[in-house]
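Reading the structure
The primary structure of each chain is shown beneath.
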Amino acid sequence: MELAQNAADAATAAAVPGRLLLRLLDDPGGGPGTLLAANTGAPLTAAGVEGLSTLRASAKAGADRDGSGSVGRFGVGFAAVLAVTDSPALRSGQGSVRFSRGDSADLVRRSGSPGAVAELTARDGHVAALRLPFPAPDAAAVPTGHDTVVELPLRDGAARALVESQLDELAGGGGDVLLLALPGLAEVVVERPGTAPVRVADVTDRWRVLRRAGRFDPADVAGRGVEDRRRLGWQLAWALPVDEGARSPGVLCAPTPTDEDLPWRALLVGTFPLGPDRRRPAPGRATDVLLDAAADAYGELLAQVAAESGDALALVPYGAAAGRVDAELRRRVLERARDVPLLLCVERVDGAPLPVRPSSAVALTGPGADDPALLAALAPALAGLVAAPRGADRVLTELGVVRMGLAEVLDVLPGQDRAGSLALFTALAPLAAADPVAREAMSGLAVPLLDGRRVHGARGLVLLDVAPDGADPLDPVTAEVLAQHGLRVVDPAVTDGPARDLLVRLGAREGGPWALLTDPAVRAAVAASPDAEDPDAVAEAVLAVVEAVVGPGAPDPATADRVARDLPWLADLALPDDADDLAPAGSLVVPGTLAARAYNPAEVAPVHPDLLQEWGSDVLRAVGVLSGPALVALPALDLADPAALEEAAERGLADIAEYVEEVWADVVHEAPEGTTVEGVVAVRDLDLVADAWPDVLAALAEEPEGSRALTADWVLGRHRRPGLTAWWLRRHGPCADVVRDAAGSAPAWLPPGPDWLTVLPGPVRRALGVLDDLATAGTADLASLLRRSAQEAGRPGGPTAADLLSLWSALARAVDEAAELDVARLAALDADGVPVPVDTADVVVPDDAVWAQRTDLGPRLLVPAAHAVRVADLLDLDLASDRADGDLAHPAGVERGVPAAAHALVPGLARTWTEVGELTCDGVPVAFWVRDGEVLATSVAGAAAGLAASAGVWWARAALVGLLGDDAGLAARVLAEELPGLR
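The present account deals with the structure reproduced in this document. Throughout, residues of each chain are indexed from 1 in the direction in which the sequence is written. Owing to the predicted nature of the model, reporting of local features is limited to residues with pLDDT of at least 70; listing and counting of side-chain atom pairs is limited to 80 or more, with chain, interface and lining totals taken over all residues. Here the side-chain values reflect all heavy atoms present in the structure, with hydrogen atoms and water set aside.

The next subject is helix α26 (residues 704–711). Taken together, the buried positions of α26 are G706, S707, A709 and L710. Taken around the axis of α26, the buried residues stretch over an arc of 155°, which confines them to a single face. Structurally, α26 contributes buried residues whose contacts are with β27 (630–638), β28 (676–684), α25 (693–702), α27 (724–732) and α28 (762–767). Only protein chains enter the accessibility calculation, which uses a 1.4 Å probe; a residue is then buried when its area is under 20% of its type maximum, exposed when over 50%, and partly exposed in between. To qualify as a helix, a DSSP run of H or I must reach at least 4 residues; to qualify as a strand, a run of E must reach at least 2; elements of each kind are numbered from the N terminus. Working definition: the arc comes from the directions between the helix axis and the C-beta atoms, pointing outward to the latter. Here, two residues are considered to be in contact whenever any of their heavy atoms come within 4.5 Å of each other.

What follows is the structure, given as structure tokens:
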């Protein structure tokens, strides 16, 4: 570096391009060799030789006081050669000279004063090598094309190794740093034995270089050395690699590399004043001046990079500093960088990004901050928007860039045209799909509507499907009418591709016309239609949407039925009747249909013929105009909510409150499992049917949903009970609540059903109360059968004991599902087993077979013991044990063992029973009784019954009679008959 400084100074002095040749020569005699350094420029002069040999005072000290020329100082540069040689020589056009440490010592010994010789001896023969110049007629010749050559015979192998190391560094990339540090030097050529020459030149092709120069104020260098005070000019340069092979050494160059770390991508070279060790800048005002100038220049460099669309932000120093100078320079650069146009706006002008000052820039923080597509979509509406790469958050904040979250940006974003909105939505879609936090930030996204409005937030908006022919899915007139009621339909122009996916993720409802029809705004328009300023316009708008759902041109009747069933509120739409008076659509009928024949003309009217001609019957049926029996579907109905029941009644579900009270009151009042019935389907306006019942019921039975409304139970938790439609028809329909099928075996005391019932499907007939046999009676039949059996009991052809027992068996099976039965009179069996009609309060339910012997307690209703308590509660009857004390009286008895054969048939039987001569309960004779597990009986037959009752195997009592006796053969025959039938 020191030889290169001299070469650069010589070239500057001669105003010629500086070229330096460094040639390493081998010694033929095997010595360490010689280094030649040849340069162009001003030749060595006598004054120069004097400067080298007198106290190191450089001849350049006064030649460059303004700092615009040489960079060498005090002759120190040449003195550095003594690190590798003891006898340097120089030759130029004006002559040659050499220096020699050995020759100087010999000269002192031969010609020096005694004092000088003594001093030399004291120094062990060591003298200053550059103090005495000698003639050099044999010095190396100046290589062609150069003006001066320095010849350095290398001292030893260590010197050779040092030179080779420095030459390798120059050839391997260090040459660029040398040329950048020495602007007067344009070329360095390195020649080494056995390798091809290496030429380093054209450094500005590989580095962007920004140079600056100026002058110190004398006060800045006060206290420095004489030479520093005389040299007021300063220079510095920033060099930024533009070629992949170029690399900064990571230290400050002053101008030669120092030990001061500066790990920046750019190289800083400057005439910094150095400390005593000449390895680090000296603290002080002069260094501060240069650091300020370097920071200003670096800002200009950043601006240049940004102006050429480069990544200047990556060049901004940020983070922990490597040393004092690095820290001071970082602070200065960051302070200035806030107002340097070093960031690139996402928005482009004439195809190129526009640089912007950080203080005027805006960047996203969080999701989307470095998403190119999103930023490009936001840029046209957000001035100064820049990307915020990962890891750049802190430096952007430090630079004063305004940081905004995605939600904040979307909230303040000005309105965009259709194309801008579509681009923004498309860019946001991937982010919303991948990041829940980002999706939440988009909740306030501005969305353009079909009617020209713009709303914040996509939730609840309606997305329409574009028609196959490209036509608008909703005509402007309809959109305008429904917009008055809050309809918010997204402009179809901004719903293509990913944009649509985004809006759906943010809560928009898609589904085409169906989504539009089910929008709350359409329901609001329907509700307000009777009082609308222009009800015809509202009707036209609603019917247009319904037509889009049902199918324009070729309506689908099944879809029309589904719409009417699932959206019963459409029946409130005000439409003109045939007298041009407004009426709810649900109170109008299509002329010539079943509804026109069957429904009470005082309650319904024909729809206006113009409406029928314009829209067709299917569209009108979809809004509730009747052509036959119509259904209502309710996804959920809270039976405990009076408002819900009232609304259901308004939808045509006649007597629903009475139904809930009669059928569900016990469950609703307890409400252990909730009070909401799911999936309700019922027939509306049955109370308006005045005629043609057979046709009405047949029409319902033909359709799956109609059949479901007739036959399906309503379910609440574990409870299943008849639905509203079946319940209503049994009480107010064309038939008695329970009738018999003429072709079945149901008893004659039930009224026969009309002939037209026979054409209905079996499940429908059962729902309407048609019985084939008493054994098929269900929960819905019980109350009616109990009442009718009481009415007919005791009359000719009235119910037999077998009929009643079959009925009570059905009652026991259904007891857990049946609602509380309010029956004033019942048919029961008297003491002789004859059916008699009695008041309910007189009837008793025997607890079990034991209490069934007490025929004295009142007319009996006999059911299995397991259901006795529940049946008594259901009908509000007394148990037999409630009417008697159950006091037993009997003489002393004989304990009898139960034979092993009986245990073989019924494991778990009591081991013994007690035979008594007579047995009474409250003074009434009984054949057996069970008391605290003890079986008392007056006979073997009584014992068999008691044992069977005690073990809960009443079916086994007859067999036990044969097994309890002493006849072993009989016992064997009984077991042989009974055991194979057991499971």
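All right, on to the sheet that holds strand β38 (residues 894–897) then. A pair of strands is labelled paired if DSSP reports no fewer than 2 bridges between them. Strand order in this open sheet of 4 strands is β38-β39-β43-β42, and the pairing throughout is mixed. Of all the strands in the sheet, just β38 and β42 (928–931) have a single pairing partner and so form its edges. The average angle at which neighbouring strand axes cross in this sheet is 30°, direction not considered. The pairing of β42 with strand β43 (residues 934–937) spans 4 bridges and is classified as antiparallel. When the sheet's bridge partners are listed, V930 is paired in β43 with V935. The convention used is that axes are lines fitted to C-alpha atoms, helices contributing only their stretch in contact, and that angles between N-to-C directions extend from 0 to 180 degrees. The sheet contacts of helix α34 (residues 940–951) involve β39 (912–915), β42 and β43, and relative to β43 the element is tilted by about 155°.

Moving on to helix α9 (residues 324–337). Here α9 contains 14 residues, and its C-alpha end-to-end distance of 20 Å stays within 8% of the 20 Å for a straight helix at 1.5 Å per residue. In this structure, the buried residues of α9 make contact with β10 (233–241), β11 (251–253), β12 (257–261), β13 (267–270), α8 (285–307) and α11 (393–398). Helix span is expected to be 1.5 Å times the residue number reduced by one.

So, about a nonpolar patch on the surface. Only residues whose relative accessible area exceeds 30% and that form no salt bridge enter a patch; like-charged residues are grouped when within 9 Å of one another, and nonpolar side chains (Val, Leu, Ile, Met, Phe, Trp, Tyr) when within 5 Å. Here the Shrake-Rupley method, with its probe set to 1.4 Å, supplies the accessible areas, and only the displayed protein chains count as covering residues. One side-chain nitrogen of Lys or Arg within 4 Å of one carboxyl oxygen of Asp or Glu is enough to make a salt bridge. There is a patch of nonpolar side chains on the surface, built from W955, L979 and L982 and spanning about 290 Å² of accessible area. By the element assignment, L982 lies in the segment after α36 (968–978).

Turning to the sheet that holds strand β41 (residues 924–925), a few remarks are in order. Overall, antiparallel pairing links the 3 strands, which are arranged β37-β40-β41 in an open sheet. This sheet does not close on itself; its edge strands, each paired only once, are β37 (888–889) and β41.

Their axes nearest at 11 Å, the elements helix α29 (residues 779–792) and helix α30 (residues 801–813) cross at an angle of 155°. Considered as vectors, α29 and α30 are oriented roughly antiparallel to each other. For the pair α29 and α30, the sense of crossing is left-handed. Residues L782, L785, L786 and S789 of α29 touch α30, and the partners they reach there are L804, L807, W808, A810 and L811. Under this scheme an angle from 65 to 115 degrees is roughly perpendicular, one under 35 degrees roughly parallel, and one over 145 degrees roughly antiparallel; angles in between are oblique. By convention the crossing between two helices is left-handed if the near helix lies anticlockwise of the far one by an angle smaller than a right angle, and right-handed if it lies clockwise.

All right, on to a negative patch on the surface then. Charged-residue counts in this description rest on Lys and Arg as positive and Asp and Glu as negative, His and the chain ends being excluded. By convention, the charge on Lys lies at NZ, on Arg at CZ, on Asp at CG and on Glu at CD. A contiguous patch of negative charge on the surface is contributed by E533, D534, D536, E540, D578, D580, D581, D610 and E614. Counting residues per element, the ones that place at least two in the negative patch are α19 (535–550) and α22 (609–622). Along the chain, D581 turns up in the loop between β23 (574–576) and β24 (582–584).

In this fold, S96 is placed in strand β4 (residues 95–99). Here S96 falls in the partly exposed class, since its relative accessible area comes to 24%. Taking the C-alpha atoms as reference, S96 lies 6.7 Å from P135; in sequence the two are 39 residues apart. In contact with S96, other than residues within four places in its own chain, are L90, R91, A136, P137 and A139. Polar contacts here mean pairs of N or O atoms no more than 3.5 Å apart (in protein, one a potential hydrogen donor and the other a potential acceptor; neighbouring residues in sequence count only if both atoms are side-chain atoms). A distance of 2.6 Å separates a polar atom in the side chain of S96 from the backbone oxygen of A136.

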